[in-house]
Amino acid sequence: MPQDLRAEFRACLARAGISVPPEREPAMYEAYLAYAELASVLDEPYPYAAEPAAVFTPAAPGAGRAAGRS
Amino acid sequence: MSAALPPPVPGLAEASARIAAGESPTALTEAALARIAALDGRLHAFVTLAADRALAAARRAEAEIRAGRRRGPLHGVPFALKDIYDAAGLPTTAHSRLRLGHVAEADSDATERLEAAGMVLLGKLSTHEFARGGPTDELPWPNARNPWNVEHFAGGSSSGSGVAVASGMVGLAMGSDTGGSIRLPAAYCGVVGLKPTYGRLSRHGVVPLSFGMDHTGPLTRTVEDCALAMQVLAGHDPRDPASAPVPPGDYLRELRAGVAGLRIGIAPRFNEEALLDAETSAALSAAAELLALLGAEIVEVRLPPRRVMDACLQVILLAEGFAIHQRDLRERPQDYGRVTRERLMVGAFVTGPHYVQAQRLRRMIAAEVDAVLAGCDAILCPDIAAAAPRVDAVDEGPFRRQHPLTGPFNATGHPALAVPAGFAANGLPLSVQLVGRNHDEAMLLRVAQAYEQAAGWMERRPPL
């Protein structure tokens, strides 16, 4: 399992296109594990009605004209 | 040395009164520049000092006031900006090598509002790089040092803002707060710092770290000064998509109304999870007792678990920070300080589903805190677990094991204010946090004012 996590860690960096110097890899891997542990709280299901806080709100009618667009 | 040290500048209320009584704004600005010249070689609060610009603005203010055209209480009073706020014609470095050579073409909303009120911009203040790094990163400018003891952490990321106010260089410094970056330097430096409600103050013209979590706000020496600043800063700004179309409050009207009859919540489980040291725990208890003595009713409340609130904040902050910086992290990572670079890189671990879940969780925990605040007027809780650590003891790893006690209220968006709450045995400041209902910063300021005036901690100055 730890080997799988290290592979996943390296895959995340590769997918993001970023590289970590070899001497800093242990610290970054530790950060990865700590992050994954914290984020695991988000794996529980929420009710369908729980909408994201950042939902897009279209501008009110006329907002474009009010901003001076023609 | 201290005999030759120019005196600290007055706070906003005192400066305003002195100008109203005939004191020269030019003289006030000169006094601030003299204080900065005497101290900044040790404290490194400023990245850019705009002395000529400040003196010219002060002379204009003086001429207007002498001609009977005083714009308001802050006309002619100096201020400074964390160096992530734009001011036209000045660099906005974000304290980073990546921004060398940048010059802002326009003002941030805060710059516009403060200068429209007649305030005098002194310059730009030190910050942790891109509001994300730490106090040991090697950057083009030195990191700000805590005026109470330069070997100790000034807090961050608005480190220069906390240092400049605490050391009496300026009465108002603007900061930004994504997980505590106004309240932590305020707490460690012994000043007042307000993170207003999400959307209350515009972020237009401010270098972003996390669109969903970034807040702008003031650091001042006193609560009254904070209220005076909010009178000018608050207001809707259509240029900021998150700016709330809610009329600003009157932050002065009930400032001195006291706390008699108010209900102040304390959250025992939140406090237990905070792992406070004995001095901070005692300061928090003493603050609650003092508010009770002043007539407030202290009631127990239950906040969502820290782990849940921390996860919500961290996932959103990390993902958004990485999205903003990803190109530079790929193409020129060596130009970031090590701490900044690694903390931003942790955002590469966030998955799409986790980001969406964190956004859904945000709405749920905000509603839980709303429900708590339906039963009390404010929540009193810790903002730091202990006085400022030594700089060489600060956790400078890519992902902190102990998340700040301030972050939960970035996640929920509620206004939160740090106010001095005493001193540790080693002479460093202690602080407590007040959290209020959305867009009710006036209530927070009212409670903090009552506490501050009764406790009197703001009378003590750093031993410079």
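Residues numbered from 1 in each chain as written. Chains lettered and ligands numbered in written order. Predicted model: local features only at pLDDT ≥ 70, side-chain atom pairs only at ≥ 80, totals over all residues. Heavy atoms only, no water.

*Asks:* An account of the overall build of chain A is requested, with residue identities and associated values reported.
*Replies:* Within chain A, the secondary structure is distributed over three helices and zero strands. Counting helices and strands in the order they occur from the N terminus, chain A gives α-α-α. Taken over 70 residues, chain A has a buried fraction of 27%. Carbon and sulfur atoms provide 59% of the accessible area of chain A, an area that totals close to 4900 Å². (Helix = DSSP H or I, 4+ residues; strand = E, 2+ residues; numbered from the N terminus. Buried < 20%, exposed > 50% of the residue type's maximum accessible area, 1.4 Å probe, protein only. Areas by Shrake-Rupley, 256 points an atom, 1.4 Å probe, with all protein chains shown as cover.)

*Asks:* If you had to explain the environment of L291(B) to someone new, which residues and values would you point to?
*Replies:* Residue and element names in this part refer to chain B. Topologically, L291 is positioned in helix α9 (residues 278-293). Under the relative-accessibility criterion, L291 is labelled buried at 1%. A C-alpha to C-alpha distance of 8.2 Å links L291 and I264, two positions 27 residues apart in sequence. Filtering out sequence-adjacent residues up to four positions away, L291 remains in contact with V259, I264, A296, I298, L380, V447 and Y451. (Contact = heavy atoms within 4.5 Å.)

*Asks:* Break down the sheet that holds strand β10 (residues 416-423) of chain B for me, citing the residues and quoting the values.
*Replies:* All names here are of chain B. With mixed pairing, 11 strands are arranged side by side in an open sheet as β1-β3-β2-β4-β6-β5-β10-β11-β9-β7-β8. The open sheet is flanked by β1 (46-49) and β8 (297-300), the only strands paired with a single partner. Going across the sheet, the axis of each strand differs from the next one's by a mean of 30°, ignoring polarity. Here three bridges tie strand β5 (residues 192-195) to β10, and the two strands are oriented antiparallel to one another. Its bridge partner being in β10, G193 is matched across the sheet by A418. In this fold helix α2 (residues 25-43) packs onto β1, β2 (78-82) and β3 (120-125), with an angle of close to 20° to the strand it touches most, β3. (Pairing = 2+ DSSP bridges. Axes fitted to C-alpha atoms, helices over the stretch in contact; angles between N-to-C directions.)

*Asks:* Can you break down the interface of chain B and chain A residue by residue, with the values?
*Replies:* Counting from both sides, the interface comprises 32 residues of chain B and, opposite them, 34 residues of chain A. Scanning the region where chain B abuts chain A turns up three salt bridges. Notably, a salt bridge pairs E342(B) with R24(A), separated by 2.6 Å at the nearest N-O pair. (Salt bridge = Lys/Arg side-chain N within 4 Å of Asp/Glu carboxyl O.)

*Asks:* Could you give an account of the pattern of salt bridges, naming the residues involved and the relevant values?
*Replies:* All names here are of chain B. All chains considered together, the criterion is met by 28 salt bridges over all chains. Taking the shortest distance from any N to any O, the salt bridge between R53 and E115 comes out at 3.3 Å. In this pair, R53 is assigned in helix α3 (residues 51-66) and E115 in helix α4 (residues 109-116), connecting sequence segments 62 residues apart. Take E115: its relative accessible area is 24%, and that puts it in the partly exposed class. Taking the shortest distance from any N to any O, the salt bridge between R332 and D335 comes out at 2.8 Å. Within the structure, one salt-bridge network assembled from shared partners comprises D109, E112, R113, D237 and R239.

*Asks:* Residues and numbers for the nonpolar core, please.
*Replies:* Y35(A), F46(B), F349(B) and L380(B) are the most contacted members of the largest nonpolar core, which totals 171 residues. Examining the composition of this core, we find that 12 residues originate from one element, helix α10 (residues 306-331) of chain B, more than from any other. Those residues in contact with F349(B) that sit more than four places away from it in its chain are F9(A), C12(A), L13(A), M28(A), Y32(A) and Y35(A). (Core = buried A, V, L, I, M, F, W, Y, C linked by side-chain atoms within 4.5 Å.)

*Asks:* Describe the packing of aromatic side chains, listing the residues and the values that go with them.
*Replies:* Per the stated rule, a full pass over the model turns up 11 aromatic pairs over all chains. Pairwise contacts between aromatic rings join F9(A), Y29(A), Y32(A) and F349(B) into one cluster. Taking the ring centre of F270(B) as reference, the NZ or CZ of R306(B) above it sits at 5.9 Å. The ring of Y198(B) is capped by R362(B), whose NZ or CZ atom sits 5.2 Å from the centre of that ring. (Phe/Tyr/Trp six-rings, centres within 6.5 Å; stacked < 30°, edge-to-face > 60°. Lys NZ or Arg CZ within 6 Å of the ring centre and 35° of its normal.)

*Asks:* Would you mind going over the side chain of E452(B) in detail, with residue names and values included?
*Replies:* Residue and element names in this part refer to chain B. Relative to the elements of secondary structure, E452 occurs in helix α14 (residues 441-455). Despite its burial, E452 remains without a salt bridge, the nearest opposite charge being carried by R256 at 7.8 Å. Aside from chain neighbours lying at most four places away, what touches E452 is V192, R221, T222, V223, W457 and M458. (Lys, Arg positive; Asp, Glu negative; His and termini not counted.)

*Asks:* Outline the pairing of β10(B), supporting the account with residue identities and numerical values.
*Replies:* Residue and element names in this part refer to chain B. Among the eight residues in β10, eight count as buried, and that is most of the element. In this structure, β10 lies alongside strand β11 (residues 429-436), joined through seven bridges in antiparallel fashion. Across the sheet, residue A418 finds its bridge partner in β11, namely Q433. Counted between consecutive antiparallel strands, the loop separating β10 from β11 contains five residues, among which G427 sits at a positive phi close to 90°.

*Asks:* Can you tell me about the side chain of T220(B), naming the residues and giving the values?
*Replies:* Residue and element names in this part refer to chain B. On the secondary structure map, T220 appears in strand β6 (residues 215-220). By relative accessible area, T220 is classed as buried at 0%. From its side chain, T220 meets the backbone oxygen of T222 in a polar contact 2.8 Å long. Reaching out from T220, the side chain makes a polar contact with the backbone nitrogen of C226 at a distance of 3.3 Å. Residues within four places of T220 in sequence aside, it is in contact with V165, G171, L172, V191, V192, D225 and C226. (Polar contact = N/O pair within 3.5 Å; in protein donor to acceptor, adjacent residues only side chain to side chain.)

*Asks:* Pulling in residues and values, what's your account of the confidence of the model for chain B?
*Replies:* Here chain B averages 97 in pLDDT, and 99% of its residues register 70 or above. The weakest mean pLDDT in chain B belongs to helix α8 (residues 268-273) of chain B at 96; the strongest belongs to β2(B) at 99. (pLDDT = per-residue confidence, 0-100.)

*Asks:* Tell me what's going on with α10(B), and back it up with residues and numbers.
*Replies:* An α-helical turn contains 3.6 residues, so any two residues separated by three or four positions project in the same direction. Compared with an ideal rise of 1.5 Å per residue, which puts 26 residues at 38 Å, α10(B) spans 36 Å between its outermost C-alpha atoms and is within 8% of the ideal. H325(B) marks the point of greatest bend in α10(B), at about 60°. (Expected span 1.5 Å × (residues − 1). Bend = angle between axes of the 7 residues up to and from the residue.)

*Asks:* Pulling in residues and values, what's your account of helix α2 (residues 25-39) of chain A?
*Replies:* Here α2(A) is 15 residues long and its end C-alpha atoms lie 20 Å apart, about the 21 Å a rise of 1.5 Å per residue gives. E25(A), M28(A), Y29(A), A31(A), Y32(A), A34(A), Y35(A), L38(A) and A39(A) are the residues of α2(A) that are buried.

*Asks:* Pulling in residues and values, what's your account of the state of the cysteines?
*Replies:* Residues and elements named next belong to chain B. Enumeration over the complete set of coordinates arrives at zero disulfides over all chains. For C226, which is in no disulfide, the shortest distance to another cysteine sulfur is to C189 and amounts to 16 Å. Left unpaired, C376 is separated from the closest cysteine sulfur, that of C381, by 11 Å. Residue C376 is classed as buried on the basis of its relative accessible area of 2%. (Disulfide = S-S within 2.5 Å.)

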